[in-house]
Amino acid sequence: MLKEIKALIEKEIRLELRQKYALSGMILYVFSTIYVCYLSFRLKANEMDKITWNTLFWIILLFTAMNAIAKSFTQERFGRLLYQYTLASPVGIILSKIAYNTLLMLVLALIGFGVYAIIMGNPVEDIGYYLLSIVLGAVGFASTLTMVAGIASKAENSATLMAILSFPIIIPILIMLLKISKNALDGLDRSNSLDEILTLLAIDAIVLVLSVILFPFLWRS
Amino acid sequence: MKKNWYKYLSVIFLGYVIIWGFLGHIPRQPVLHETARNLYFHVPMWFGMFSLLSVSVWNSVQYLRTSNMLYDTKSAEYANSGILFGIVGIMTGSIWARYTWGAWWTNDVKLNGAAVGLLIYFAYIILRGSFNDEQQKARISSIYNIFAVALLIPLLIVLPRIGDSLHPGNGGNPGFKPMDTQHTMRIVFYPACIGWICLGFWITNLRIRLKNLEQIHQENN
Amino acid sequence: MKKAISLITILLLALNLFAQNTTNEIEMADKLYADGRIYVVVAVLATIFAGIIVYLINLDSKISKLEKQIKK
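Residues numbered from 1 in each chain as written. Chains lettered and ligands numbered in written order. Predicted model: local features only at pLDDT ≥ 70, side-chain atom pairs only at ≥ 80, totals over all residues.

Here we look at the overall build of chain C
Each helix and strand counted, chain C has three helices and zero strands in total. Along chain C, from the amino end to the carboxyl end, the secondary structure elements read α-α-α. The burial tally for chain C puts 0% of its 72 residues in the buried class. (Helix = DSSP H or I, 4+ residues; strand = E, 2+ residues; numbered from the N terminus. Buried ≥ 20, exposed ≤ 12 C-beta atoms within 10 Å, placed from the backbone.)

Brief notes about the overall build of chain A
Secondary structure summary: chain A contains eight helices and zero strands in total. Listed N to C, the secondary structure of chain A is α-α-α-α-α-α-α-α in terms of helices and strands. On C-alpha atoms alone, chain A measures out to a radius of gyration of 18 Å, which is about the 17 Å that the 2.2 N^0.38 rule sets for 221 residues. For the C-alpha atoms alone, the extent of chain A along its principal axes is close to 55 × 35 × 30 Å. (Rg over C-alpha atoms; globule rule 2.2 N^0.38 Å.)

Considerations on helix H5 (residues 90–120) of chain A
In this model H5 of chain A runs 42 Å from its N-terminal to its C-terminal C-alpha over 31 residues, within 8% of the 45 Å that 1.5 Å per residue would give. Trailing H5 of chain A by a residue or two, Gly 121 of chain A shows a phi angle of about 85 degrees, which is positive. (Expected span 1.5 Å × (residues − 1).)

Thoughts on the interface of chain C and chain B
Across the contact, 19 residues belong to chain C and 18 residues belong to chain B. A breakdown of the residues in the side of chain C that touches chain B according to their chemical character gives 15 nonpolar, one polar and three charged. (Contact = placed C-beta atoms within 7 Å. Nonpolar A, V, L, I, M, F, W, Y, C, P; charged D, E, K, R; others polar.)

Considerations on the nonpolar core
Judged by nonpolar contacts, the single largest core of 110 residues is most densely connected at Val 148, Ile 151 and Leu 165 of chain A together with Tyr 144 and Ala 148 of chain B. Considering every element that reaches this core, the biggest residue donor is helix H6 (residues 127–153) of chain A, with 14 residues. If we ignore the near neighbours within four places in the chain, the residues touching Tyr 144 of chain B are Ile 151 and Leu 165 of chain A together with Tyr 124 and Leu 127 of chain B. (Core = buried A, V, L, I, M, F, W, Y, C linked by C-beta atoms within 7 Å.)

Details of unusual backbone geometry
Not every positive phi belongs to a glycine, and Ser 67 of chain B is a case in point at roughly 55 degrees. Take Ser 67 of chain B: it is sitting in the loop between helix H2 (42–66) and helix H3 (69–100).

Re the interface of chain B and chain A
Taken together, the contact pairs 23 residues of chain B with 24 residues of chain A. Top contributing element to the side of chain B that touches chain A by residue count: helix H5 (residues 134–162) of chain B, with 14 residues. A class-by-class count of the residues in the side of chain B that touches chain A yields 20 nonpolar, two polar and one charged.

Some words on helix H2 (residues 21–41) of chain A
Residues and elements named next belong to chain A. Between its terminal C-alpha atoms H2 stretches 30 Å, which fits the 30 Å expected from 21 residues at 1.5 Å a residue. Those residues of H2 lying buried are Met 26, Val 30, Ile 34 and Cys 37. Down the axis of H2, the buried set is contained in an arc of 70 degrees. They therefore lie on one face. Exposed residues on H2 whose side chains face more than 90 degrees from its buried face are Tyr 21, Ser 24, Gly 25, Leu 28, Ser 32, Val 36, Leu 39 and Ser 40. On its buried side, H2 packs onto helix H3 (50–74) and H5. (Arc of directions from axis to C-beta.)

Examining the confidence of the model for chain C
Residue and element names in this part refer to chain C. Averaged over all residues, the pLDDT of chain C equals 77, while 79% of them reach at least 70. The lowest-confidence element of chain C is helix H1 (residues 2–19), averaging 66 in pLDDT; the highest-confidence one is helix H3 (residues 38–71), averaging 89. Counted against residues more than four places away or in other chains, residues 18–22, with its pLDDT under 50, gives one contact. Our summary of model confidence lists the complex with pTM equal to 0.80 and ipTM equal to 0.77. (pLDDT = per-residue confidence, 0-100.)

Let's talk about the environment of Ile 146 of chain B
Note on placement: Ile 146 of chain B falls in helix H5. A residue is classified by how many C-beta atoms lie within 10 Å of it, and Ile 146 of chain B, with 22 of them, is buried. Measuring from C-alpha to C-alpha, the distance between Ile 146 of chain B and Ser 60 of chain B comes to 7.0 Å, with 86 residues separating the pair along the chain. In this structure, Ile 146 of chain B is in contact with Leu 214 of chain A together with Val 57, Ser 60 and Val 61 of chain B, ignoring residues within four places of it in sequence.

Topic: the confidence of the model for chain A
For chain A, per-residue confidence averages 81 on the pLDDT scale, and residues scoring 70 or more make up 92% of the total. Across chain A, the secondary-structure element scoring lowest on mean pLDDT is helix H4 (residues 79–87) of chain A, at 62, and the one scoring highest is H6 of chain A, at 88.

A closer look at the packing of H2 of chain A against H5 of chain A
In a pair of packed helices, the angle between the axes and the distance between the axes together describe the arrangement. Residues and elements named next belong to chain A. One can describe the packing of H2 onto H5 by two numbers: an axis separation of 10 Å at closest approach and a directional angle of 25 degrees. Judged by the angle between their axes, H2 and H5 are roughly parallel. The hand of the H2/H5 crossing is right-handed. For the pair formed by H2 and H5, the contact residues are Met 26, Ile 27, Val 30, Phe 31, Ile 34, Tyr 35 and Tyr 38 on the first element and Leu 108, Ile 111, Gly 112, Val 115, Tyr 116, Ile 119 and Met 120 on the second. (Axes fitted to C-alpha atoms, helices over the stretch in contact; angles between N-to-C directions. Parallel < 35°, antiparallel > 145°, perpendicular 65-115°, else oblique. Left-handed = near helix turned anticlockwise from the far one by under 90°.)

Concerning the packing of H3 of chain B against helix H7 (residues 183–220) of chain B
All names here are of chain B. Viewed as axis vectors pointing N to C, H3 and H7 meet at an angle of 140 degrees, and their least axial separation amounts to 9 Å. Classified by the angle between their axes, H3 and H7 sit oblique to one another. In this structure, H3 meets H7 at a crossing whose hand is right-handed. Of H7, the residues touching H3 (which contributes Thr 73, Lys 74, Glu 77, Tyr 78, Ser 81 and Phe 85) are Gly 200, Ile 203, Thr 204, Arg 207, Ile 208, Lys 211 and Asn 212. Classifying every residue of the contact of H3 with H7 by side-chain character gives four nonpolar, five polar and four charged.

Digging into the environment of Leu 174 of chain A
Residues and elements named next belong to chain A. Mapping Leu 174 onto the fold places it in helix H7 (residues 158–186). C-alpha of Leu 174 to C-alpha of Thr 55: the two residues are 119 residues apart in sequence and 9.7 Å apart in space. Discounting chain neighbours no more than four positions away, the residues touching Leu 174 are Trp 58 and Leu 62.

In structure tokens:
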């Protein structure tokens, strides 16, 4: 099982590096969104409200995640890939997709944070904890959105459906992340965020277990 | 009589609630005054919604286990009735809030949880609408139902305990505490919950039977 | 001396205000009950509810009839 997952992840990465347009497309998306926000707010970094700075960053990450992860299931329209998939077990497929999307989100989130901090200024007090919240966020987004992308890909207008289905589900994760990152932003004592981190980890665990249980049903069609 | 007991129960209890809910004595509370009687109407909407949506999820699980279309019809109709109760609950809560808290909508954890829950089920309806194939529709929507509810549960149960709230009984609000312990409101409140829940089940039961008849009609023609 | 008198006056006023905090100050719809108009409210609601229940019962029996027909 583990070997299968590793092989599938390697396949996805190799595929991605070969057709670089997807990854570079997402990075460009992040850059452009950040630049649009910069132009719209037209402020020097220290004039922007901390809450606005934080929320804007997470909204950008959220939309980036939705776009990037929606693609992970639409690629399988190619007949060649379908054949490979019939050989693997559904559990392996979903776990490998979640792992790949997590990696993708980590790359995008960290690059995004770097660019965001440079262009919009960096008022973060506790950078270590902020980075932790970004990592947790990337994992959380990836795990929920991969499952939702799988559900949406089976339907007709999957792009709109992806957005509609994912927004309500992502809200608990988003609320937790906003609290943690705001605490890190203000430089509060690290123990304040423990509740939220535990809740986030619990949500991630629930999502992973559910995805593993439910995905085989999804795959049968 | 075995199948219909809950219908008689709902009529009797709701009749009792309508009469005694207004003629009965309630404790005198500041801020709430007579609107405390809303307890018999607004709060049972949420209990009704929870029970209907739980039955909907249970039917989704049963569908995935047995692939019997009857379970899918049931889960869809219970979800519809749950949404109806949720919408009415939010509207009645909004009206009540306008007169006691001064605003139609506030930044309260329970309100946010209710709104998100409703958004999830609206997305469920749209998901169902975007399929043409019956089997696919049933399977994908069952998966989404289970997934979304599993994520909704931490949102509705954990978050209200963490934050402050305007709602009576939460976040250090004295509100309904004397009413909780006093006998006078409980004797109407408990039958009200049971009555409204039974009414919800009755309405859903009618819709399910109607849907089944329509399906048989379609198959015969 | 003046300060002492004003202090005592203010304290007495305050005590007076405490005495007003009885439950009768919380407004309720007592007049509605006293006039007997509450029975009108209950009657209206009961009528509406009865109408809805009659409709539901009719719908239920129609569906039952159809189901019996199909079973044959």
